[in-house]
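Residues per chain are reported as follows:
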Amino acid sequence: MATEANSDVARRLAKFPPTIWGTSFASFSLKDSEIESYTIQVEELKEEVKDMLMQSNTKGITENIEFVNLLCRLGVPHHFETVIEQHLNLIFSSLPDFLKENECDLYTVALLFRVLRQHRHKVPCDVFNKFKDNNGEFNSDVVSDVKGLLSLYEASALSVHGEDILDETLAFTKLHLETLSAQVSPHLQNQINNALLCPVHYGMERFQALLYISIYEEDDSKNEILLKFAKLDFNRLQLLYREELAVVSRWWEDMDLAGKLTYARDRIVEVYVWALGCIVDPKLVMSRELVAKYTQLAMTVDDTYDAYGTIEETRLFTAAFDRCSIDGIDELPEYMQHLYKAILSLFEETENEEASYKTLYAEEMFKELTRADLQEAEWFNSGYVPTFDEYLHNALITTTGELLTSAFFLGLKDVGMKEIIWVRQAPIIVKSAKLFARLFDDVASHVEEQKRGDCPSSVECYMNEFGVSKETAYVEIKKMLANAWKDINEEYMNSSRVSTTVLDYFLNFARMANFVYKIRDAYTYSTHLKFYVSKLFLEPLPV
């Protein structure tokens, strides 16, 4: 017999802001004629752009790396992945001789360093030694080289542990770029300000592409064909991504979980933005849709444990869900039954008969999440403040990193047990990406969560264990964030056990944490993402 939620029970109602989008995206319908028109135009220009790429290779390494960088910054490298990889392999193998035989300027060396590292080629940081004097200081002429400083600043985001020169470079370039920003042309000033706000290596790829298209359009030396190609492709993908958003929005609307569980965050649009940021490849449609669906349901579970359910109810839900069977539903309050059915329905929807172990992996990760959410609820209920390490051990699960990885894998045909085992072994890039997301979220949402009376976050745990102020805890956690990013960079370049597609997912997972939690928890206060949603899905570029 189903139990009812007791209306007399005092509940921690978080009063999250309502969705700012309603069901507007659910009604979108892709017009075949519109997408066909863009596709035809893109295909017509694609061969011309490919010819330009091939010609850049014949002109030399500098021209080649600049053109590859252009394609990447404009958001169109997916059209030329194989050719770009071939070109970069050749550049990397010939780089030592090239740098020895040519007097390359700072801009070129930093560009080579960044682009090659972003494509998993570990260029040594000592390539920058030539720009320093005998005292280890940068040469005086570097300070006035704005283009070189900007290129060097962007390169410093690719640092790994032990590269002191890049740590020095980051502080040095940032200081001088902030000063020089007011002294340069509006075009260059725009580039500097965007970089200082978010270096390209830290950014969400689709939005970085949009930003750079607007910058490139103002460049006097721009290639009109390449610019048109980038705009057309952006508009084509905008339609395709909006159609995906419509699919997941209709799924969410049909389920009506937002109407039944009004205490929880209704953020299907925002979680699709997360999925798009983590999985950029246009071909990986199913993975994006599944990650969005799993994220929304995981968020609803989190809000149930954090912001509504009593400790007795959350214990019941965890125990019932551990059996992962509809038979356990009668033990739950009616409101929890809706959530329970929704999750089981998603498992049925995503059942993979050819690789049932993938579905089992997703189920186990959801069970693991509910147990971790319950642990936080138990801590809160007892008034216990865990140690920092205790908190992190549990919080690396509640960040949903591995649950969403299971959803990502469900949508990939060429990923199997090998990759699941790799993730379960907690390699550095996986652990660091989850750590980065967890700590970034904690710092961004700290004030609001404590006002709501949530379980202690990493900030409280650090303050309590080490007897320090909130400000000191922030400083120390930000150091951990910087170290986690270096770990991600290192593993991204060195790992050979899984494909670049899988590594890209974890790199982008960290990038999206930076994107969503940069200023405030934009999942909760979603007006912070409204501008980006409009630009990414609603406003085509004029061609």
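Please refer to the structure placed before this passage.
Residues numbered from 1 in each chain as written. Predicted model: local features only at pLDDT ≥ 70, side-chain atom pairs only at ≥ 80, totals over all residues. Heavy atoms only, no water.

Another aspect to go through is the overall build of the protein. For the protein, the helix and strand inventory stands at 23 helices and 0 strands. Computed over its C-alpha atoms, the radius of gyration of the protein comes to 24 Å, within 12% of the 24 Å expected for a compact globule of 543 residues. Along the three orthogonal principal directions, the C-alpha set of the protein runs to about 80 × 60 × 45 Å. Across the 543 residues in the protein, those meeting the buried criterion constitute 57%. The contacts of the protein with a sequence gap of at least 6 include a subset with a gap of at least 24, amounting to 76%. Carbon and sulfur atoms provide 50% of the accessible area of the protein, an area that totals close to 23300 Å². When the 54 basic and 86 acidic side-chain charges of the protein are each reduced to a single mean position, those positions are 1 Å apart. (Helix = DSSP H or I, 4+ residues; strand = E, 2+ residues; numbered from the N terminus. Rg over C-alpha atoms; globule rule 2.2 N^0.38 Å. Buried < 20%, exposed > 50% of the residue type's maximum accessible area, 1.4 Å probe, protein only. Contact = heavy atoms within 4.5 Å. Areas by Shrake-Rupley, 256 points an atom, 1.4 Å probe, with all protein chains shown as cover. Lys, Arg positive; Asp, Glu negative; His and termini not counted. Charge placed at Lys NZ, Arg CZ, Asp CG, Glu CD.)

Here we take up the side chain of T350. Turning to its location among the elements, T350 is positioned in the loop between α14 (334–349) and α15 (356–382). By relative accessible area, T350 is classed as buried at 8%. Within the structure, T350 has its side chain in polar contact with the side chain of Y294 (distance 3.3 Å). Of note is the side chain of T350, whose polar atom sits 2.8 Å from the backbone oxygen of L346. Setting aside anything within four residues of it in sequence, one finds T350 in contact with L290, Y294, T359 and L410. (Polar contact = N/O pair within 3.5 Å; in protein donor to acceptor, adjacent residues only side chain to side chain.)

Once that is clear, we can look at the packing of helix α20 (residues 458–466) against helix α21 (residues 470–494). One way to put it is that α20 packs onto α21 with a least axis distance of 9 Å and a crossing angle of 115 degrees. In terms of orientation, α20 lies roughly perpendicular with respect to α21. Crossing of α20 against α21: the hand is right-handed. Contacts between α20 and α21 involve S458, V459, Y462 and M463 from the former and K470, A473, Y474, E476, I477 and M480 from the latter. Of the residues assigned to the contact of α20 with α21, the class counts are 7 nonpolar, 1 polar and 2 charged. (Axes fitted to C-alpha atoms, helices over the stretch in contact; angles between N-to-C directions. Parallel < 35°, antiparallel > 145°, perpendicular 65-115°, else oblique. Left-handed = near helix turned anticlockwise from the far one by under 90°. Nonpolar A, V, L, I, M, F, W, Y, C, P; charged D, E, K, R; others polar.)

With that settled, the discussion passes to the layout of surface pockets. Estimated volume of the second largest pocket: approximately 1200 Å³. In terms of lining residues, the second largest pocket is bounded by 49 residues, among which R73, E154, Q191, Y212 and I215 are the most central. Mapped onto the lining of the second largest pocket, the elements with two or more residues apiece are α1 (32–59), α2 (61–73), α4 (106–118), α5 (146–156), α7 (186–197), α8 (205–217), α22 (500–517) and α23 (530–538). For the lining of the second largest pocket, the class distribution of residues is 25 nonpolar, 13 polar and 11 charged. (1 Å grid on protein atoms, 1.4 Å probe; cavity = no way out; pocket = protein on both sides within 12 Å on 5 of 7 lines; lining within 4 Å. Points joined across faces, edges and corners; volume = space filled by probe spheres on them.)

Right, let's get into a negative patch on the surface. Taken together, E43, E47, E48 and D51 make up a surface patch of like negative charges. Within the secondary structure, E47 is located in helix α1. Residue classification places E47 among the partly exposed positions, given a relative accessible area of 47%. (Patch = residues over 30% accessible without salt bridge, like charges linked within 9 Å, V, L, I, M, F, W, Y side chains within 5 Å. Salt bridge = Lys/Arg side-chain N within 4 Å of Asp/Glu carboxyl O.)

Here the structure, examined in full by the defined rule, presents 27 salt bridges. Close ionic contact of D322 with R371 constitutes a salt bridge, the shortest N to O distance being 2.6 Å. Note that D322 is positioned in helix α13 (residues 311–323) and R371 in helix α15, a separation of 49 residues in sequence. Judged by relative accessible area, R371 falls into the partly exposed class, the value being 38%. Several salt bridges share partner residues, and in doing so they unite E368, E402, R424 and K434 into one network.

The next thing to look at is the packing of α2 against α4. Contact pair α2 / α4: the axes reach a minimum separation of 10 Å and the direction vectors enclose 55 degrees. Considered as vectors, α2 and α4 are oriented oblique to each other. Taken as a pair, α2 and α4 cross one another with a handedness that is left-handed. In this structure, α2 uses I61, T62, I65, E66, V68, N69 and R73 to contact α4, whose residues at the interface are Y107, T108, L111, L112, R114 and V115.

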